[in-house]
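# Fold and geometry: a report
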Amino acid sequence: MKRMFATTLVLFSLIAPVLAVDMSAEIDAATAKIMPQVVQWRRYIHEHPELGNREVETAKLVAEHLRKLGIETRTGVAKTGVVGILKGAQPGPVIGLRADMDGLPVTERVDVPFKSTVKSEYNGQTVGVMHACGHDTHVAMLLGTATVLAGMKDKIKGTVVFIFQPAEEGAPAGETGGASDMVKEGVMDNPKIDAIFGIHINSATEIGTIKYKSGAEMAASDWFSIKIKGRQAHGAYPWQGIDPIAVATQIYTGLQMIVARQSELPKAPVIITVGRMSAGIRENIIPEEVTMAGTIRTLDSEMQNDVHEKIRRTATKIAESMGATAEVTIDRKTPVTYNDPALVKKMVPSLEKATGKGNVLEAEWVTGAEDFAFYGQKAPAFFFFVGGMPKGGNPKTVPSHHTPDFFIDDSRLDVGIKAFCNIVFDYK
Ligand code: NI
């Protein structure tokens with residue numbers, strides 16, 4: 001038994017170097033060297049956040065650094081996007097790595113030396129601007145990755161495309177933007193990307209940890225609007241009119257019945273949220289019209305279509321039963337973020353090299369949406385989460401993304417850089 005083990009060991013040590021060149025030690029060393037600069041970038045970008053489609057200074061910082069590294073750089077892609085193309089010494093696959101650059105209309109409340117005090121204009125309102133989703137860390141990690149990989153250019157087989165994308169959170173009213181525009185402008189085609197990877201920092205995942213889900217990972221997000229028309233009447237004589245507020249409350253309940261009673265929830269989650277309702281002008285007037293609008297989250301395209309159909313049916317039939325009419329519009333915003341199972345299986349060992357086997361965990365469904373999904377429609381994709389919660393934090397009580405108290409511990413951004421770099425060398 002013992003001898004057999006020893007023979008196997010000798011055989012393995014002979015074969016292993018032939019099978020693959022493990023670059024992880026070299027990647028670790030180069031990452032450690034660039035980390036102080038990465039943290040500096042992150043904090044600078046955090047202090048100077050820009051809203052979607054307005055990432056002018058951030059894009060300038062990115063482009064300048066990529067050019068300094070000798071990377072072919074395109075600017076002004078889908079408004080403020082920057083694309084860097086690093087050609088390795090030998091031919092091979094084309095790998096896309098993506099970061100988003102936009103901040104949010106949120107006023108920062110976190111007491112850090114690099115707190116944002118930036119104000120801007122958003123849909124006609126003056127707002128505070130904050131990197132309240134951590135996209136500042138994404139830019140910093142991808143810049144760090146570009147630095148490490150540019151230094152190892154001679155050993156790279158293939159091409160790496162660095163994608164710095166604007167407006168992940170959605171473009172301001174009247175504009176388009178984000179991943180779908182980047183795709184439309186050919187970022188996946190020129191050169192043709194074989195596989196694409198993306199990272200999201202997470203405020204409720206402990207630093208040093210990576211989380212991912214194979215298959216559907218993040219929800220499709222669709223927006224809906226229901227316009228209910230009744231007949232105006234005096235508040236004292238409801239029978240003389242058709243009360244659209246009464247209809248709306250029934251429809252509201254009906255929508256939740258689609259979730260609770262008509263959706264196969266063990267298969268995948270469904271969420272219908274009404275986030276906006278407008279009706280009425282005065283206490284004693286039954287209005288003519290009510291508008292209710294909200295978002296639909298699904299993780300399975302069949303269920304997505306089914307829910308859309310049921311929303312239409314529920315709204316129109318309930319309205320009809322009360323003598324009113326309901327007009328339903330559904331706007332497909334972001335598709336399901338789908339991680340290609342074969343690609344995930346192949347690349348998880350690279351993530352484990354970045355942070356240790358026990359620190360790469362399978363995640364649960366995420367009912368948030370991510371426009372990275374659009375890249376996944378063009379090539380096999382893998383989107384994973386890197387921890388930004390301080391050690392010992394409570395994931396149930398830490399401030400969530402998009403809030404004024406959102407906080408990221410930036411001491412372990414190396415995990416994301418190492419993950420990206422190992423992926424580039426391990427992908428075949
Ligand atoms: Ni985000």
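Everything discussed here concerns the structure shown above.
Reading guide: rules and limits
Residues numbered from 1 in each chain as written. Predicted model: local features only at pLDDT ≥ 70, side-chain atom pairs only at ≥ 80, totals over all residues. Heavy atoms only, no water. Pairing = 2+ DSSP bridges. Helix = DSSP H or I, 4+ residues; strand = E, 2+ residues; numbered from the N terminus. Axes fitted to C-alpha atoms, helices over the stretch in contact; angles between N-to-C directions. Contact = heavy atoms within 4.5 Å.

### Considering the sheet that holds strand E12 (residues 270–279)
Sheet architecture is open: four strands sit in the order E12-E14-E10-E15, paired in antiparallel fashion. In this open sheet, the two edge strands, each paired with only one partner strand, are E12 and strand E15 (325–334). Recorded for the sheet is a direction-independent mean angle of 20° between the axes of neighbouring strands. Inspection of the sheet shows E12 paired to strand E14 (residues 289–298) by nine bridges, in the antiparallel sense. Along E14, the bridge assignment pairs Arg276 with Ala293. Sitting on the sheet, helix H6 (residues 244–262) touches strand E10 (220–229), E12, E14 and E15, and the angle it makes with E12 is about 170°. Where helix H7 (residues 301–321) meets the sheet, its contacts fall on E10, E12, E14 and E15, and the angle it forms with E15 comes to roughly 160°.

### A few points about unusual backbone geometry
At the junction of Asn190 and Pro191, the peptide bond is cis and its omega measures out at 0° in the coordinates. On the secondary structure map, Pro191 appears in the loop between helix H5 (179–184) and strand E7 (195–206). Within the chain, Asn53 stands out as a residue other than glycine whose phi angle is a positive 65°. Inspection of the secondary structure puts Asn53 in the loop between helix H2 (24–47) and helix H3 (56–68).

### As for the sheet that holds strand E18 (residues 381–389)
An order of E1-E2-E6-E3-E7-E18-E8-E17 is seen for the eight strands of this open sheet, with the pairing classed as mixed. Of all the strands in the sheet, the pair left with one neighbour each is strand E1 (72–77) and strand E17 (360–362). Each strand of the sheet is rotated relative to its neighbour by a mean of 25°, with strand direction disregarded. When strand E2 (residues 81–87) meets strand E6 (residues 157–165), the two strands line up antiparallel, connected through six bridges. Looking at the pairing, Lys87 lines up with Thr159 of E6. Lying on the sheet, helix H8 (residues 341–355) is in contact with E7, strand E8 (210–212), E17 and E18; it crosses E18 at an angle near 30°.

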